[in-house]
Amino acid sequence: MKVSQIFFQTLKEVPKEAQIESHRLLYRAGMIQKLASGIYNYLPLVLRSVRKLENIIREELNKRGCQEILMPAVQPSDIWEESGRWSYYGPELLRFKDRKGSDFCLGPTHEEVITDMVRKNLRSYKQLPYNLYQFQCKFRDEIRPRFGLMRAREFIMKDGYSFDINEEKALDSYKSMYEAYIAIFKRCGLKFKPVDAATGSIGGDKSHEFQVLAESGEDVILSCSKCEYAANKEKAKTKIDFRQSDDEMEKMEEVHTPGKKAVEDVAEFLKKRPSDFIKSVIFVVDGKPALIMVPGDREVNEAKIQAFFKADSIELADDATIEEVTGAETGFAGPVGLKKEILIALDHNLEGRRNLVSGANKTDYHFINISPERDFKPSVTGDFVVTRKGERCPDCDGLLEEFRGIEVGQVFFLGTKYSEKMHCSFIDENGQQSNAVMGCYGLGVGRTVQAAIEQNHDEYGIKWPMALAPYEAIVLPLQMNKEEVVDVAEKIYKKLLNAGVEAVLDDRDERAGFKFNDADLVGYPVQVVIGAKSLEKGEIEVKIRKTGEKKAVPLNEVEDFVCRYKKEEMAIDH
RNA sequence: CGGGGUGUAGCGCAGUCUGGUUAGCGCAUCGGUUUUGGGAACCGAGGGUCGGAGGUUCGAAUCCUCUCACCCCGACCA
């Protein structure tokens, strides 16, 4: 390809919406264009990277017995009603009607479609396992799209689904996909970490995310300084040591706290520490109100609550519900004196504590000297707080450290959540009807490509890992008015192509500096520089973008040199 | 959804408060001359429904009303 013919335009100034470096570079290098908020055109250069990543994924998945399919982007509502997600999936699901008035949505994910597809085909246990995947445009109507391809509304995703005869086999599939993901991200040359993750609205009870480490990442992960433990902050656990307080239990009393609602305000008013408070938060879990209690200085962790109750949906109760449950205005909820009998859940950190402060379920009143063991009986106890850095690792005696990451993939062990609701079953060895045990495996293609840029760039531009570079090398004739320079460049360009190197020739009649800058910006891993000066010595210069290293190479050894470097780089990346 | 902000040439911006000829600047584009190993210089040119609709006014990019789009922070969420 000649650079003059590539559909792209490099920019010095970027649209101000681009907030992180990888987004700015995608714009500056002429790789993407925005059509609407969170909706992008992929121009030829990035699309090549996207296709390369897709091929890496294909290879790794096919190697492990997966088969590629393609499902529709437009999905009818009836299967979503069957799975139950039509009603509780929020406005993120873009819905519309066809000319007949039937309901449809743009697929944000494909569990329903694949389950429907498989059940129409599945009869016997002998057919299983199946592991099917596709590359497809998903649409999620994100509240706030940002960072370019990182959090777009329309985005390319590889999604895969496994179907097995039982849990044990399904776990094998899960493990095999987990390993495939590690292989894929390694080949991309990324620094990443697999972490324990919450399952969110996809459901299921086991999940790992693959996080590319980056300052600009939207996710926070905690990982142990000593062992392999790592988890999304939402999911991270810590070692709880139960400590029975030996303070005398004092008499519980109601105190007047006019207008003081937030823990900090009440604490200041009563001259107590926030950590001596029971923070009581009312959630609606699958339609039923529940009171969750955590220490006053801690954050409630919704993901853990959802997981604990295996709930499909969870949300903060509105004011009306709170008044109905507590008989008081919002801000005075507590475990004692609730108007309605609801589930009350106590965080481990409050067990054994005495003489605490809580709301009195009476507007403008709190209780002091409330002690869980004496004054109320929780329905359940569990881990309901957000774990913080510096806390102890749940698996060893190390401490948890905090990192930011870009979530590029996630694997879920789904179990029979969908197969049961949608009757995706088969006859097992004993002639019994049995539900398929499923797993699902997502990998954000555009996001991974952008994460690669986020992790590999400098002030001049992108430093593509060889495996993802749009082109592997650029040939730069510096003086377009010198016949010899142009001839040699053409020859080397052709030799590189013949040697199997994906090369481009910068045939534009531009000054040297302009070409160098464009080459650095677009990020070709190898620059083959043909200039009149070095040509006189029978040499040309090869620059390695990643290291900035420049090497004079004899004319007839250029393609060997480039091929060797390419091979080394690909090997490192594997 | 709440708070804040922005829409003027492909991109980045000035002009708006205080209404007044042909609406400016930089980058990019086109032509010319000179240049030519790290984003060249000079001369010239093209390109605008000033986001849209309505209103006030002799006169609106500028004032008023409505509306749309986009961005940031938060809430929310695969």
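Residues numbered from 1 in each chain as written. Chains lettered and ligands numbered in written order. Predicted model: local features only at pLDDT ≥ 70, side-chain atom pairs only at ≥ 80, totals over all residues. Heavy atoms only, no water.

Q: Looking at this model, I keep getting lost on the protein's contact with RNA strand B. Mind explaining?
A: Taken together, 45 residues sit near RNA strand B, with Arg140, Arg144, Glu407, Gln410 and Asp520 positioned nearest. In the interface set of RNA strand B, defined as its atoms within 4 Å of the protein, sugar plus phosphate atoms amount to 50%. When residues in the surface near RNA strand B are grouped by element, the largest group, eight residues, is from helix α14 (residues 512–522). (Near = heavy atom within 4 Å. Helix = DSSP H or I, 4+ residues; strand = E, 2+ residues; numbered from the N terminus.)

Q: Is there a simple way to think about the packing of aromatic side chains in this case?
A: If you walk through the whole model with that rule in mind, you get 11 aromatic pairs. With 5.5 Å between their ring centres and 55 degrees between their planes, tyrosine 178 and phenylalanine 210 make a pair best called tilted. Of this pair, tyrosine 178 sits in helix α6 (residues 167–187) while phenylalanine 210 is found in strand β10 (residues 206–213), placing the two residues 32 residues apart along the sequence. Judged by its relative accessible area of 22%, tyrosine 178 is partly exposed. Take phenylalanine 210: its relative accessible area is 0%, and that puts it in the buried class. Taking the centre distance of 5.1 Å and the plane angle of 70 degrees together, the rings of phenylalanine 308 and phenylalanine 384 count as edge-to-face. One end of the pair, phenylalanine 308, is in helix α8 (residues 302–308); the other, phenylalanine 384, is in the loop between β20 (380–382) and β21 (400–415), and 76 residues separate them in sequence. By relative accessible area, which is 36% here, phenylalanine 308 ends up partly exposed. Among the residues examined, phenylalanine 384 registers a relative accessible area of 0% and is labelled buried. Geometry around tyrosine 471 places arginine 48 over its ring, the cationic atom sitting 3.9 Å from the centre. (Phe/Tyr/Trp six-rings, centres within 6.5 Å; stacked < 30°, edge-to-face > 60°. Buried < 20%, exposed > 50% of the residue type's maximum accessible area, 1.4 Å probe, protein only. Lys NZ or Arg CZ within 6 Å of the ring centre and 35° of its normal.)

Q: What should I look at first to understand the pattern of salt bridges in this one?
A: A side chain of one charge can pair with a side chain of the opposite charge when the charged atoms of the two come close. Here the structure, examined in full by the defined rule, presents 41 salt bridges. Across the pair arginine 85 and glutamate 112 runs a salt bridge whose closest N-O atoms are separated by 2.8 Å. One end of the pair, arginine 85, is in helix α4 (residues 85–88); the other, glutamate 112, is in helix α5 (residues 111–119), and 27 residues separate them in sequence. In this structure, arginine 85 and glutamate 112 share a single accessibility class: buried. Between lysine 494 and glutamate 490 there is a salt bridge, with the nearest N and O atoms lying 3.7 Å from each other. Here lysine 494 and its partner glutamate 490 are both found in helix α13 (residues 483–498), four residues apart, which amounts to about one turn of the helix. Lysine 494 gets classed as partly exposed once you look at its relative accessible area, which sits at 49%. A residue is classified by how much of its surface remains accessible, and glutamate 490, at 24% relative accessible area, is partly exposed. (Salt bridge = Lys/Arg side-chain N within 4 Å of Asp/Glu carboxyl O.)

Q: Help me out: how do you make sense of the sheet that holds β20 in this one?
A: Hydrogen bonds between backbone atoms are what pair the strands of a sheet, whose relative direction is either parallel or antiparallel. Overall, mixed pairing links the five strands, which are arranged β16-β14-β15-β17-β20 in an open sheet. The open sheet terminates on both sides in strands that have one partner only, identified here as β16 (314–316) and β20. Across this sheet, the average inter-strand angle for adjacent strands is 30 degrees, counted without regard to direction. Where strand β14 (residues 278–285) lies against strand β15 (residues 288–295), eight bridges are found, and the strand directions are antiparallel. Within β15, the position partnered with isoleucine 282 by the bridge is leucine 291. The strands touched by helix α9 (residues 319–326) within the sheet are β14 and β15, with β14 carrying the most contacts at an inclination of about 115 degrees. (Pairing = 2+ DSSP bridges. Axes fitted to C-alpha atoms, helices over the stretch in contact; angles between N-to-C directions. Contact = heavy atoms within 4.5 Å.)

Q: It is not clear to me how the side chain of threonine 257 should be interpreted in this structure. Could you clarify?
A: Within the fold, threonine 257 resides in the loop between β13 (253–256) and α7 (263–270). With relative accessibility at 0%, the residue threonine 257 sits in the buried group. Among residues more than four places away in sequence, those in contact with threonine 257 are Val266, Phe269, Leu270, Phe332, Asp364, Tyr365 and His366.

Q: Any chance you could explain α9 here in plain terms?
A: For an α-helix, 3.6 residues make a turn, and residues three or four places apart therefore share a direction. Taken together, the buried positions of α9 are Thr321, Ile322, Val325 and Thr326. Along the long axis of α9, the arc covered by the buried residues comes to 110 degrees, so they all point the same way. Looking at the buried side of α9, the elements it contacts are β14 and β15. Remark: glycine 327 follows α9 within two positions and exhibits a positive phi of approximately 75 degrees. (Arc of directions from axis to C-beta.)

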